[in-house]
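Listed below are the residues making up each chain.
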Amino acid sequence: MKFDWHGGTISPSTEIDSGYRNTQNVRRFLCGECGPDFKFDRELMAWMRNGGAKNMADVVEEWKRRRGSN
């Protein structure tokens, strides 16, 4: 069963599946984890969808790494 990116409860362990969407729900989660300066950019979105297995904790870690705030 695919995850509901619009209304599902997102946690750090939520896996990014083939149905992943950049929704307001995802943005709220990532702003909460990364801080109010979080923004999607093309490079991060491409990294998220590159086919490698990852979860939302990986996304948070990657966003922080790219900004030197780990």
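As the structure is a prediction and not an experimental result, all values here were calculated from the model.

Rules used in this analysis
Residues numbered from 1 in each chain as written. Predicted model: local features only at pLDDT ≥ 70, side-chain atom pairs only at ≥ 80, totals over all residues. Heavy atoms only, no water. Phe/Tyr/Trp six-rings, centres within 6.5 Å; stacked < 30°, edge-to-face > 60°. Buried < 20%, exposed > 50% of the residue type's maximum accessible area, 1.4 Å probe, protein only. Helix = DSSP H or I, 4+ residues; strand = E, 2+ residues; numbered from the N terminus.

**A word on the packing of aromatic side chains**
Per the counting criterion, the structure on display carries 4 aromatic pairs. Measuring from ring centre to ring centre gives 5.0 Å for Phe38 and Phe40, while their planes differ by 80°; the resulting arrangement is edge-to-face. Of the residues examined, Phe40 reaches a relative accessible area of 16% and is grouped as buried. Each ring, one from Phe38 and one from Trp63, has its centre 5.4 Å from the other, and the planes form 50°; the classification is tilted. A residue pair is termed long-range when its members are at least 10 positions apart, and Phe38 in the loop between helix H1 (24–34) and helix H2 (42–48) and Trp63 in helix H3 (residues 56–66) qualify at 25 residues. Pair check on accessibility: Phe38 and Trp63 agree, each one buried. Members of the aromatic cluster, each reached through a chain of ring pairs, are Phe3, Trp5 and Tyr20.

Remember that the coordinates give geometry; whether it matters functionally is a separate question.
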